[in-house]
Amino acid sequence: EKSLMVPVEMVSAQPLSKRPISSRIGSLPAAEKEATRLELPVLTPELRTDLKQKLDSLVSVCRTDFKAHPRSTRFFLRELWELCQLLKVPVSSRPYRRRLADGLYQFVTNIPNFLPADLAPSSAELAEDSFLTMTVMLALGSIPWEFRFNRVLYRLCNCSSAFGSHRCLLPTGGIRSSEFVAPSRPTPRGVRSMEGEAAPAPSPHQGKLDALQRQEQHLPTRLLDVSAALRVRFLEFVQQVPVFLEDLLKSTVEKPLAEQVAHQKLLWERWANVVFAEISTFDKSYSQFERLYMMIVKQLIETTLEPIHSMADTSSALMNASGDPFREVQAAALCQRLGLLKQTVDFGGSNQVLNFDPGLLGKAQRVLHMETYAEVRDMARVLLKNFEALCKVLLHLNDDQVKMELKENTELTGAILRLEQVWADCQFILHQGCLDFIEILEREVLPQLSPQLKWLIHVALETESPAGKASTNADHTELQNARVALYQTVPMMVYVDELWKDSNPDGPSRKVRFMELCCPQDDRHHTLRRDFGKFDEKRFNEFRSFLIAENEKNRSGGSRQTDFFRLVYRQLKAVSAFPIQENLSAAILAASNAQAALKQSNLSDRDLADALREQELLEGGARWLCLMLKVQAVAPHLFPSRKPGSENQIQKERGSRLMSRGRRASVAKQSSSGRRSSISGLDLVVESKE
């Protein structure tokens, strides 16, 4: 009504051209989107016949329990996709499906008692369009979403109930945090958001989180929401299919009259728009759920293959560059990644080696150029050969052939187990001190043992193989006594001899000591050295006899000296005897588990000291057993092949049989000589008579 003051810059003589308005994310303008939505195929008699046929097929399975009949679900989705092609319904593109065929198959096989394995889509079915039976069945089944891959438990996030946190503390890598938490309130204008700037408060459950870090990963709870939405949309669409068929038959005819063409076109567009809308709504829910769970499967594949890829790159550098100055660094990186892989994947095998020291490879190289036992050089040669074989296997692994459950890759598992078997022995033998101590055991320790102790050690060592256990014919009691002798009696005797030599420094000292190789660090070593320094030779021999007693009854007694010996025996057993194990594999496994227990961050100082002492004791027992096995291999003549008592019995029985044979021969000889003498006397009488 009144004249308004307008800035001159906004006045133009030419009319302004209208531009299509687009959204921020660059979607199509509203006019173009409307044109795309209204682009309908022309209704022809052939199209009407094809639509009627497809809708009849869909109606035939609408009353089926799709959850219990996956084949009916597959048929329904296939017919629905062909209906979309007939109507030219624009569906969402699905590029996230690329190269997921093998991963989806293993994903299905790791969900127990839910989907048949043949429902996993093949590479041909994973096109960037169409509908997958597996997606709809996952939504209809309401699965618990809890499964294991490579020792890691994947489950829905429960951090709110377990740790009282509003955000996930153990998310599966690669999944956006927005998939885990609910949408936050919008930040008011003018208030600066501090998200990502402030450091999170330390969690009171940090120790528990560190323990679960390599054992558990969480999936977003949004999986339940989108799967429930897809389930509802699918069932609603199934209920509307008979209505679609009925409306199609009512609103269209095969040969309309001239005055019915315009009306039929209007009815056709209305019917097609309704079908378009229902299919688009179903497709939106379908794409949301499928994109989310396939993103999880893809992340599982990447997480599984990442250590394999890194080890393959390092193996390529080790195999191709022989004169590379960084070769030792690359070997150390490969050994470290192999140890981490062993902690997350159970490849089986009897030796669970979790720490691969790269320095062992250098020791094996040096042993090949040393003058040492042939058996030790063979161990070093096999170690280097198996390490090179593992590098070749890693180098030739193909992503399309690698299974997500890494232990199911036969070639990789075999190479790791062969390397682990020889590594378990070499880590305790390929050491200069151990090589020198093998010579001490061969020349000084074992020759001084009694035949009975040697036999017990032989029985305990032969049980490492089933054939050796059968050859000894040892019963349970004898086998238990043999293990006590191997793990406790003989180590204590070796330790006592070292203490006696320390208290009498006149004799020659050993180059390497049993205490330094196998015993844990303990202040009681000084106490025992002081006590044995007060012994004279007679008292030392009495204590040694007390030590090698066959059973506890021989250690009984009420004298003060016996009580003192019993006290010293307990102290000695605490620092030099080892826990009894069934075999070498059990000893190495116990040492590996103790070493893994040391890495727990929630241990107190006292618990850490106890765990360290236990780890040293178990590792010393494994080293002692490896040394004795190697001595048996290099000097088998030191161990008797028969039980000492059995040889005396056999000699006695053989002597008694010889004596009985001699007696029978002498009696027969005497009887024959008596007959000859009587015959000769009769001849003399006859001659005299004549």
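Residues numbered from 1 in each chain as written. Predicted model: local features only at pLDDT ≥ 70, side-chain atom pairs only at ≥ 80, totals over all residues. Heavy atoms only, no water.

What about the overall build of the protein?
Alright, step 1. Of the regular secondary structure elements, the protein holds 24 helices and three strands.
Alright, step 2. In the protein, buried positions account for 41% of the 690 residues.
Alright, step 3. Relative to all contacts within the protein whose residues are 6 or more apart in sequence, the contacts with residues 24 or more apart total 75%.
Alright, step 4. Of the accessible surface of the protein, which amounts to about 40200 Å², a share of 52% is contributed by carbon and sulfur atoms. (Helix = DSSP H or I, 4+ residues; strand = E, 2+ residues; numbered from the N terminus. Buried < 20%, exposed > 50% of the residue type's maximum accessible area, 1.4 Å probe, protein only. Contact = heavy atoms within 4.5 Å. Areas by Shrake-Rupley, 256 points an atom, 1.4 Å probe, with all protein chains shown as cover.)

A closer look at the packing of aromatic side chains
Alright, step 1. A complete count under the given rule lists 29 aromatic pairs for this structure.
Alright, step 2. Considering the side-chain rings of Phe66 and Phe234, the 5.3 Å spacing of their centres and the 80 degrees angle between planes classify their relative orientation as edge-to-face. Remark: Phe234 occurs in helix H8 (residues 222-251) and Phe66 occurs in the loop between helix H2 (45-60) and helix H3 (70-87); sequence separation between them is 168 residues.
Alright, step 3. Its relative accessible area of 3% is what places Phe66 among the buried residues.
Alright, step 4. Take Phe234: its relative accessible area is 1%, and that puts it in the buried class.
Alright, step 5. Aromatic side chains Phe514 and Phe578 sit 6.1 Å apart centroid to centroid with 65 degrees between the ring planes, which places their arrangement in the edge-to-face category. Here Phe514 is found in helix H18 (residues 514-518), whereas its partner Phe578 is found in the loop between helix H21 (560-576) and helix H22 (584-597), with 64 residues between them in sequence. (Phe/Tyr/Trp six-rings, centres within 6.5 Å; stacked < 30°, edge-to-face > 60°.)

A few points about helix H4 (residues 101-109)
Alright, step 1. Considered for burial, the residues of H4 that qualify are Ala101, Gly103, Leu104, Gln106, Phe107 and Val108.
Alright, step 2. The elements touched by buried residues of H4 are helix H5 (133-141), strand E1 (147-149) and helix H9 (261-320).

A word on the pairing of strand E2 (residues 152-156)
Alright, step 1. With four of its five residues buried, E2 lies for the most part within the structure.
Alright, step 2. Relative to E2, E1 runs antiparallel, the two being bridged by three bridges. Its bridge partner being in E2, Arg148 is matched across the sheet by Leu153. (Pairing = 2+ DSSP bridges.)

Some words on H8
Alright, step 1. Over its 30 residues, H8 runs 41 Å from end to end, which matches the ideal 44 Å to within 8%, given 1.5 Å per residue.
Alright, step 2. The elements touched by buried residues of H8 are H2, H3, H5, E2, strand E3 (216-219) and H9. (Expected span 1.5 Å × (residues − 1).)

Digging into the state of the cysteines
Alright, step 1. By the definition in use, this model includes zero disulfides.
Alright, step 2. Looking at Cys157, it has no disulfide partner, and the nearest cysteine sulfur is the one in Cys168, 3.5 Å off.
Alright, step 3. Just so you know, Cys391 is unpaired, no disulfide at all, and the nearest cysteine sulfur is the one on Cys335, 8.6 Å from it. (Disulfide = S-S within 2.5 Å.)

Here's the deal with the sheet that holds E1
Alright, step 1. Read from one edge of the open sheet, three strands run E1-E2-E3, paired in mixed fashion. In this open sheet, the two strands that pair with only one neighbour each are E1 and E3. In this sheet, adjacent strand axes meet at a mean angle of 30 degrees when their direction is disregarded.
Alright, step 2. As judged from the four bridges shared by E2 and E3, these two strands associate in the parallel manner. Of the residues in E3, the one forming a bridge with Leu153 is Glu216. (Axes fitted to C-alpha atoms, helices over the stretch in contact; angles between N-to-C directions.)

A look at the packing of H9 against helix H10 (residues 327-344)
Alright, step 1. Across the interface, H9 lies against H10 with an axial gap of 9 Å and an inter-helix angle of 155 degrees. On the basis of the axis angle, H9 is roughly antiparallel to H10. Remark: the crossing between H9 and H10 carries left-handed chirality. Every residue of H10 that contacts H9 at Pro307, Ile308, Ser310, Met311, Thr314, Ser315, Ala317 and Leu318 is listed here: Arg327, Gln330, Ala331, Leu334, Arg337, Leu338 and Leu341. (Parallel < 35°, antiparallel > 145°, perpendicular 65-115°, else oblique. Left-handed = near helix turned anticlockwise from the far one by under 90°.)

What to know about the side chain of Glu290
Alright, step 1. Within the secondary structure, Glu290 sits in helix H9.
Alright, step 2. Of note is the side chain of Glu290, whose polar atom sits 2.9 Å from the side chain of Arg97.
Alright, step 3. Look past the residues within four positions of Glu290 in its chain and what remains in contact with it is Arg94, Tyr96, Arg97, Leu132 and Thr135. (Polar contact = N/O pair within 3.5 Å; in protein donor to acceptor, adjacent residues only side chain to side chain.)

Focus on the pattern of salt bridges
Alright, step 1. Counted under the stated rule, the structure contains 19 salt bridges.
Alright, step 2. Across the pair Glu79 and Lys54 runs a salt bridge whose closest N-O atoms are separated by 3.4 Å. Here Lys54 lies in helix H2 and Glu79 lies in helix H3, a separation of 25 residues in the sequence.
Alright, step 3. Its relative accessible area of 8% is what places Glu79 among the buried residues.
Alright, step 4. According to the relative accessible area criterion, Lys54 is buried, its value standing at 16%.
Alright, step 5. Here Glu516 and Arg513 are joined by a salt bridge, their closest N and O atoms 3.9 Å apart.
Alright, step 6. When salt bridges with common partners are traced through the structure, they connect Arg94, Arg97, Asp283 and Glu290 into a single cluster. (Salt bridge = Lys/Arg side-chain N within 4 Å of Asp/Glu carboxyl O.)

A few points about the confidence of the model for the protein
Alright, step 1. Within the protein, residue pLDDT values average 77, and 74% of them lie at 70 or more.
Alright, step 2. Mean pLDDT across the elements of the protein ranges from a minimum in helix H1 (residues 30-37), with 43, to a maximum in helix H12 (residues 374-395), with 92.
Alright, step 3. Contacts for the low-pLDDT stretch residues 182-201, under 50 throughout, to residues beyond four places or in other chains number three contacts.
Alright, step 4. Across residues 656-660, where pLDDT falls below 50, the model places zero contacts with residues more than four positions away in sequence or in other chains. (pLDDT = per-residue confidence, 0-100.)

Some remarks on the environment of Leu394
Alright, step 1. Structurally, the position occupied by Leu394 is in helix H12.
Alright, step 2. Leu394 has contacts with Met311, Ala312, Ser315, Leu334 and Leu412, leaving out every residue within four places of it along the chain.

As for the environment of Pro171
Alright, step 1. Its location among the elements puts Pro171 in the loop between helix H6 (159-162) and helix H7 (206-212).
Alright, step 2. In this structure, the C-alpha to C-alpha distance between Pro171 and Leu156, residues 15 residues apart in sequence, is 9.6 Å.

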